[in-house]
Amino acid sequence: MATRPLDRMRAETTFEEHPDLAILSTERDEPADQVAAGLALERVLLTATREGFTASFLNQPLEFDDLRRAVQ
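Residues numbered from 1 in each chain as written. Predicted model: local features only at pLDDT ≥ 70, side-chain atom pairs only at ≥ 80, totals over all residues. Heavy atoms only, no water.

(A) Seen up close, the side chain of Asp-33. Among the structural elements, Asp-33 can be located in helix α2 (residues 31–50). Each residue touching Asp-33, except ones within four places of it in the same chain, is listed here: Thr-26 and Arg-28. (Helix = DSSP H or I, 4+ residues; strand = E, 2+ residues; numbered from the N terminus. Contact = heavy atoms within 4.5 Å.)

If you want it as structure tokens, here you go:
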């Protein structure tokens, strides 16, 4: 099992019925843009965690080039 014993002991909870969604994007998709987006995401997630929020990711559609272009 990939989790630590303390992780398995955490209380379970349900997902909210109407979650808030946020999108982080860049104008282009060059390596420097990807690094900048990663740094921005890191800051957002650390700030959210400090404020008591949790996050999960829904990025699978963006792994396909045609869908990535449509989103851009």
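There is more to say after this.
(B) Focus on α2. Compared with the 28 Å implied by 1.5 Å per residue over 20 residues, the 29 Å span of α2 between its first and last C-alpha is a close match. Once α2 ends, the next one or two residues include Gly-52, with phi positive near 95°. (Expected span 1.5 Å × (residues − 1).)

(C) Just the pattern of salt bridges, in detail. What the rule picks out here adds up to 2 salt bridges. Arg-28 serves as the salt-bridge partner of Asp-33, at 3.7 Å between the closest nitrogen and oxygen. We classify Asp-33 as buried; its relative accessible area is 13%. (Salt bridge = Lys/Arg side-chain N within 4 Å of Asp/Glu carboxyl O. Buried < 20%, exposed > 50% of the residue type's maximum accessible area, 1.4 Å probe, protein only.)

As far as function goes, none of this settles anything; it's purely spatial.
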